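Coordinate inspection notes
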Amino acid sequence: VFVKLNWSAPRDAAWVLGGSLKCTSSEDVLLLLQSSDRAAHDLTEARRMCEDAAAAGEGGAGVDAAGEPHGFVLALRKWCELQPSREFRCFRGAGGRLLAACQRDRFSHFPELGARRSRDLGLLEAFGRELPSA
């Protein structure tokens, strides 16, 4: 399985599982989370920042419509091998319309993306239409 928390995955701790985030046991999940600085930040600082924003009436990510902080979420997803060049962040507007997309790994250059641009945008737009509106 692939494990992630509300805000991020423990990518910085992949070294404890030989460079992969693939978990095959509950021990792997716990080891990955315990070894991750990102997970520690999500469970301490990110939550505190959301609570501070809610207390100040600012709302923001991590709070619901009533201004209450969301609880922690541990998501376990079926494992699949992803190519870093095929991971994107998508930003949606009203009605789920795709406003923008960028590659997830902002530190790498993937020359093949230029040739696939039109096809990838079409696939991302279609995928966005299938998602429920937020």
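The text that follows walks through the structure, step by step, so that each part is easy to find. (Residues numbered from 1 in each chain as written. Predicted model: local features only at pLDDT ≥ 70, side-chain atom pairs only at ≥ 80, totals over all residues. Heavy atoms only, no water.)

1. With respect to the pairing of strand β1 (residues 2-5)
Across the two faces of β1 the burial is the same, with F2 and K4 and V3 and L5 all buried. Note that β1 and strand β2 (residues 74-77) share four bridges and pair antiparallel. Each bridged residue has a counterpart across the sheet, and for L5 the counterpart in β2 is L74. (Buried < 20%, exposed > 50% of the residue type's maximum accessible area, 1.4 Å probe, protein only. Helix = DSSP H or I, 4+ residues; strand = E, 2+ residues; numbered from the N terminus. Pairing = 2+ DSSP bridges.)

2. Brief notes about helix α3 (residues 112-130)
Over its 19 residues, α3 extends 26 Å from the first C-alpha to the last, a length consistent with the 27 Å expected when each residue adds 1.5 Å. The largest bend along α3 measures about 55 degrees and falls at S118. (Expected span 1.5 Å × (residues − 1). Bend = angle between axes of the 7 residues up to and from the residue.)

3. Comments concerning the pattern of salt bridges
Side-chain pairing between opposite charges can occur once the charged atoms of the two side chains come close. Inspection of the entire model under this criterion finds three salt bridges. Measuring nitrogen to oxygen at the nearest pair gives 3.2 Å for the salt bridge that ties R11 to E87. Here R11 is found in the loop between β1 and α1 (26-35), whereas its partner E87 is found in the loop between β2 and β3 (88-92), with 76 residues between them in sequence. On the basis of relative accessible area, R11 is assigned to the partly exposed category, the value being 34%. D120 is paired through a salt bridge with R86; the nearest N and O atoms lie 2.9 Å apart. Within this pair, whereas D120 is found in helix α3, its partner R86 is found in the loop between β2 and β3, the two being separated by 34 residues in sequence. Take D120: its relative accessible area is 5%, and that puts it in the buried class. Here the residues in one salt-bridge network are R86, R116 and D120, joined through shared partners. (Salt bridge = Lys/Arg side-chain N within 4 Å of Asp/Glu carboxyl O.)

4. Re the side chain of D42
Mapped onto the elements, D42 comes out in helix α2 (residues 37-55). Despite its burial, D42 pairs with no opposite charge; the closest candidate is R38, at 7.0 Å N-O. At 2.7 Å, the side chain of D42 forms a polar contact with the side chain of S8. (Lys, Arg positive; Asp, Glu negative; His and termini not counted. Polar contact = N/O pair within 3.5 Å; in protein donor to acceptor, adjacent residues only side chain to side chain.)

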